[in-house]
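Chain and residue survey
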Amino acid sequence: MEKNDYFTITPNIVRNNKKLPEKAKYLFSDLVLLSKEKGYCWANNSALAKITEVTPRTITRYLSKLKAEGYITIKTFIDEKKHQHRHIFISGELVKVSGFSAKIE
C-alpha cells in the first residue's frame, strides 16, 4: 500500500478520545482501511509499524489501547499447519460509522 494513494476515515469517538495517542488513532484508521477487503485486518505488527511509522512494540501497545477502549477485537488461531494467525476486527458500531460493510465481531 503506497502512503499517498488512499484516504482513511476516523469516527469522532476515536478521534476525540484523549486516552489515545495520535498515532494510535492513525493506526485505527489504517485498520479500517485494511479490513475493507476481508472484514478484518491480518497485517502483522511489523507491517503495521511501517505504515504508522512506529516500532512493532508500539503497535502492540496501541492495539492493546484500542482493544481496551472497545474499538477492535482480536482473534488469534492456529491453522492446520500449526501456524499462528491474527485477525483484527473493527467493533460493530464503528463498522457502520466508518462507512463500509464488513464482518462484525
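Structural notes, computed from the coordinates.

Moving on, we get to the overall build of the chain. The number of helices and strands found in the chain is five helices and two strands. Starting at the N terminus and walking to the C terminus, you meet the elements of the chain as α-α-α-α-β-β-α. Expressed as a percentage of contacts within the chain between residues at least 6 apart in sequence, the contacts between residues at least 24 apart total 50%. Carbon and sulfur atoms make up 52% of the accessible area of the chain, which totals about 6700 Å².

Another aspect to go through is the pairing of strand β1 (residues 72–78). Two elements, β1 and strand β2 (residues 84–90), share seven bridges in a ladder whose sense is antiparallel. Bridge pairing in β2 links I74 to I88. As consecutive antiparallel partners, β1 and β2 are separated by five residues, and within that stretch K82 has a phi angle of approximately 70 degrees, a positive value.

What follows is about the packing of helix α2 (residues 22–35) against helix α3 (residues 45–52). Packing of α2 against α3 leaves a shortest axis separation of 10 Å and a crossing angle of 115 degrees. Here α2 and α3 pass one another in a crossing that is right-handed. Across the interface between the two elements, K23, L27, D30, L31 and L34 of α2 pack against L48, I51 and T52 of α3.

Time to look at the pattern of salt bridges. Oppositely charged side chains may form a pair once their charged atoms are brought near each other. Following the criterion strictly, the structure yields two salt bridges and no others. The closest approach of N and O atoms between E69 and K19, which form a salt bridge, is 3.8 Å. With a gap of 50 residues between them, E69 in the loop between α4 (56–68) and β1 and K19 in the loop between α1 (12–15) and α2 connect regions that are remote in the sequence. A salt bridge links K25 to E22, with the shortest nitrogen-to-oxygen separation between them at 3.2 Å. Linking K25 with E22, this pair stays in helix α2, spanning three residues, or about one helical turn. Given the relative accessible area of 47%, E22 is considered partly exposed.

Definitions and limits used
Residues numbered from 1 in each chain as written. Predicted model: local features only at pLDDT ≥ 70, side-chain atom pairs only at ≥ 80, totals over all residues. Heavy atoms only, no water. Helix = DSSP H or I, 4+ residues; strand = E, 2+ residues; numbered from the N terminus. Contact = heavy atoms within 4.5 Å. Areas by Shrake-Rupley, 256 points an atom, 1.4 Å probe, with all protein chains shown as cover. Pairing = 2+ DSSP bridges. Axes fitted to C-alpha atoms, helices over the stretch in contact; angles between N-to-C directions. Left-handed = near helix turned anticlockwise from the far one by under 90°. Salt bridge = Lys/Arg side-chain N within 4 Å of Asp/Glu carboxyl O. Buried < 20%, exposed > 50% of the residue type's maximum accessible area, 1.4 Å probe, protein only.

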